[in-house]
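# Results of the structural survey
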Amino acid sequence: MTFAMIKPNGVASGLVGRIIERYESARLSVCAIKMHQMTSADARGFYAEHVEKPFFGELEEYMTKGPSVMLVLGGENAVAKVRAINGATNPAKSEPGTIRHDFAPSMTENVVHSSDGVESAAREIAFWFEKENIYAYDAASQKACCVMAK
Ligand code: CMP
């Protein structure tokens, strides 16, 4: 499982459906979803490793200016798959066909976020979601069952 987020400019530009479609088309399942406008405290907690970076002020302003869509995505190699679908952090360096290449105007306003590894995925999922609200899918039966896979 991994964590992904459609950032405020993605939501405001009406890209939510098109972005989720890309994940689902890659055989990833939506295991949890919610819409939430980050507070400054949320931004400081979620992006704790960036708080001291020179770009943090701009990042905080961007992330708190409107709601984002938080997602838990499940499926084989979910972490690597979502990173590949999103493209490079800097849209100018992203490959054609990736979300950031196709939709992101700048490095800060890069439309989507995704966890960069299995450990950060567990931390980021737990930051936004209660275990009870994450639905893992049994691939064989396609039935949802309420279990949190860390
Ligand atoms: P994200 O993948 O959410 O992780 C940190 C975010 O900070 C990044 O996407 C960008 O929105 C933003 N950012 C702005 N400048 C930089 C930078 N120089 N390096 C990394 N992230 C940056």
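All of these numbers come straight from a predicted model, not from anything done at the bench.

Okay, the packing of aromatic side chains next. Given two aromatic rings, their pairing is described by the distance between the two centres and the angle made by the two planes. Counted according to the given criterion, the structure contains five aromatic pairs. Arranged with centres 5.6 Å apart and planes meeting at 65 degrees, the rings of Phe 3 and Phe 46 form a pair that is edge-to-face. In this pair, Phe 3 is assigned in strand β1 (residues 2-6) and Phe 46 in helix α3 (residues 40-46), connecting sequence segments 43 residues apart. With respect to burial, Phe 3 and Phe 46 carry one shared label: buried. When the centroid spacing of 4.9 Å and the interplanar angle of 75 degrees are considered together, the rings of Phe 46 and Tyr 47 count as edge-to-face. Grouped by ring-pair contacts, the aromatic residues Phe 3, Phe 46, Tyr 47, Phe 127 and Trp 128 constitute a single cluster. Here the basic side chain of Lys 34 rests over the ring of Phe 129, its NZ or CZ set 5.1 Å away from the ring centre.

Another point: the pattern of salt bridges. Across all of its chains, the model carries four salt bridges by this definition. Between Glu 49 and Arg 123 there is a salt bridge, and its shortest N-O distance comes to 3.9 Å. With Glu 49 in the loop between α3 and α4 (56-63) and Arg 123 in helix α7 (residues 118-128), this pair connects stretches of sequence that are 74 residues apart. Look at Arg 123 and you get partly exposed, because its relative accessible area is 37%. The shortest N-O distance in the salt bridge between Lys 65 and Glu 109 comes to 3.0 Å. Of this pair, Lys 65 sits in the loop between α4 and β3 (68-74) while Glu 109 sits in the loop between α6 (99-103) and β4 (112-114), and the two are 44 residues apart along the sequence. Since its relative accessible area comes to 49%, Lys 65 is described here as partly exposed.

With that settled, consider helix α2 (residues 16-25). What α2 keeps buried is the set Ile 19, Ile 20 and Tyr 23. The buried residues of α2 occupy an angular sector of 95 degrees when the element is viewed end-on, so they sit on one face. Those residues of α2 that are exposed and aimed more than 90 degrees away from the buried face are Gly 17 and Ser 25. Tucked into the core, α2 has its buried residues touching β1, β2 (29-36), β3, α5 (78-86), α6 and β4. In the segment just after α2, Arg 27 is the residue with positive phi, at about 65 degrees.

Let us look at the nonpolar core. Among the nonpolar cores identified, the biggest contains 19 residues, and Ile 6, Ile 19, Tyr 23, Leu 71, Leu 73, Ile 99 and Val 111 are the most heavily contacted of them. Elements represented by at least two residues in this core include exactly β1, α2, β3 and α5. In this view, Ile 19 contacts Ile 6, Ile 99, Val 111 and Val 112; residues no more than four positions away in its chain are not counted.

Right, let's talk about the pairing of β3 for a bit. A large share of β3 lies buried, amounting to seven of its seven residues. The alternating pattern of β3 places Ser 68, Met 70, Val 72 and Gly 74 on one face and Val 69, Leu 71 and Leu 73 on the opposite face, and all of these are buried. In terms of strand pairing, β1 meets β3 through five bridges, oriented antiparallel. Paired with Ala 4 across the strands is Leu 71, a residue of β3. As judged from the seven bridges shared by β2 and β3, these two strands associate in the antiparallel manner. The partner of His 36 across the bridge, within β3, is Ser 68.

The antiparallel open sheet is built from four strands, whose spatial order is β2-β3-β1-β4. The sheet is open, and its two borders are formed by β2 and β4, each paired with just one other strand. Shown here is a sheet whose adjacent strand axes are inclined to one another by a mean of 20 degrees, direction ignored. Sitting on the sheet, α7 is in contact with β1, β2, β3 and β4, with an inclination near 60 degrees to β1.

Cut-offs and rules
- Residues numbered from 1 in each chain as written.
- Predicted model: local features only at pLDDT ≥ 70, side-chain atom pairs only at ≥ 80, totals over all residues.
- Heavy atoms only, no water.
- Phe/Tyr/Trp six-rings, centres within 6.5 Å; stacked < 30°, edge-to-face > 60°.
- Helix = DSSP H or I, 4+ residues; strand = E, 2+ residues; numbered from the N terminus.
- Buried < 20%, exposed > 50% of the residue type's maximum accessible area, 1.4 Å probe, protein only.
- Lys NZ or Arg CZ within 6 Å of the ring centre and 35° of its normal.
- Salt bridge = Lys/Arg side-chain N within 4 Å of Asp/Glu carboxyl O.
- Arc of directions from axis to C-beta.
- Contact = heavy atoms within 4.5 Å.
- Core = buried A, V, L, I, M, F, W, Y, C linked by side-chain atoms within 4.5 Å.
- Pairing = 2+ DSSP bridges.
- Axes fitted to C-alpha atoms, helices over the stretch in contact; angles between N-to-C directions.

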